Amino acid sequence: MTIPKEIPLPEPQPRRLACSRCGTEFGCDLSGTCWCAEETARLPMPVKGEDCLCRECLRKAAAR
């Protein structure tokens, strides 16, 4: 019996998103190095039907 070799998983590819609030396009890196991880604001998950927000809209939401 042979031991199967581990198959390396491909790195997740950044996805292109459009801000749920203003429509600005931006990238989201699912590997955990997304720009939003650098933000000091920690908000709850977007409201129903929304996805990620662009940097400007995230900052505006955090200022409320």
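First, a word on what this report is: a plain description of the structure on this page. Bear in mind the structure is a predicted one, so any value in this text is a computation, not a measurement. (Residues numbered from 1 in each chain as written. Predicted model: local features only at pLDDT ≥ 70, side-chain atom pairs only at ≥ 80, totals over all residues. Heavy atoms only, no water.)

## A few points about helix H1 (residues 55-63)
Inspection of H1 places Cys57, Leu58 and Ala61 among the buried residues, and these make up the whole buried set. One side of H1 carries all its buried residues, which in axial view fall inside an arc of 100°. Exposed residues lying more than 90 degrees from the buried face of H1 are Glu56 and Ala63. (Buried < 20%, exposed > 50% of the residue type's maximum accessible area, 1.4 Å probe, protein only. Helix = DSSP H or I, 4+ residues; strand = E, 2+ residues; numbered from the N terminus. Arc of directions from axis to C-beta.)

## Here we look at the pattern of salt bridges
Within this structure, the stated rule accounts for 3 salt bridges. When the shortest N-O distance is used, the salt bridge between Glu39 and Arg55 registers 3.0 Å. Of this pair, Glu39 sits in the loop between strand S2 (25-28) and H1 while Arg55 sits in helix H1, and the two are 16 residues apart along the sequence. On the basis of relative accessible area, Glu39 is assigned to the buried category, the value being 8%. Its salt-bridge partner being Arg59, residue Glu39 comes within 2.9 Å of it at the nearest N-O pair. Of this pair, Glu39 sits in the loop between S2 and H1 while Arg59 sits in helix H1, and the two are 20 residues apart along the sequence. Assessed through its relative accessible area of 47%, Arg59 is described here as partly exposed. In this structure, a network of salt bridges that share partners links the residues Glu39, Arg55 and Arg59. (Salt bridge = Lys/Arg side-chain N within 4 Å of Asp/Glu carboxyl O.)

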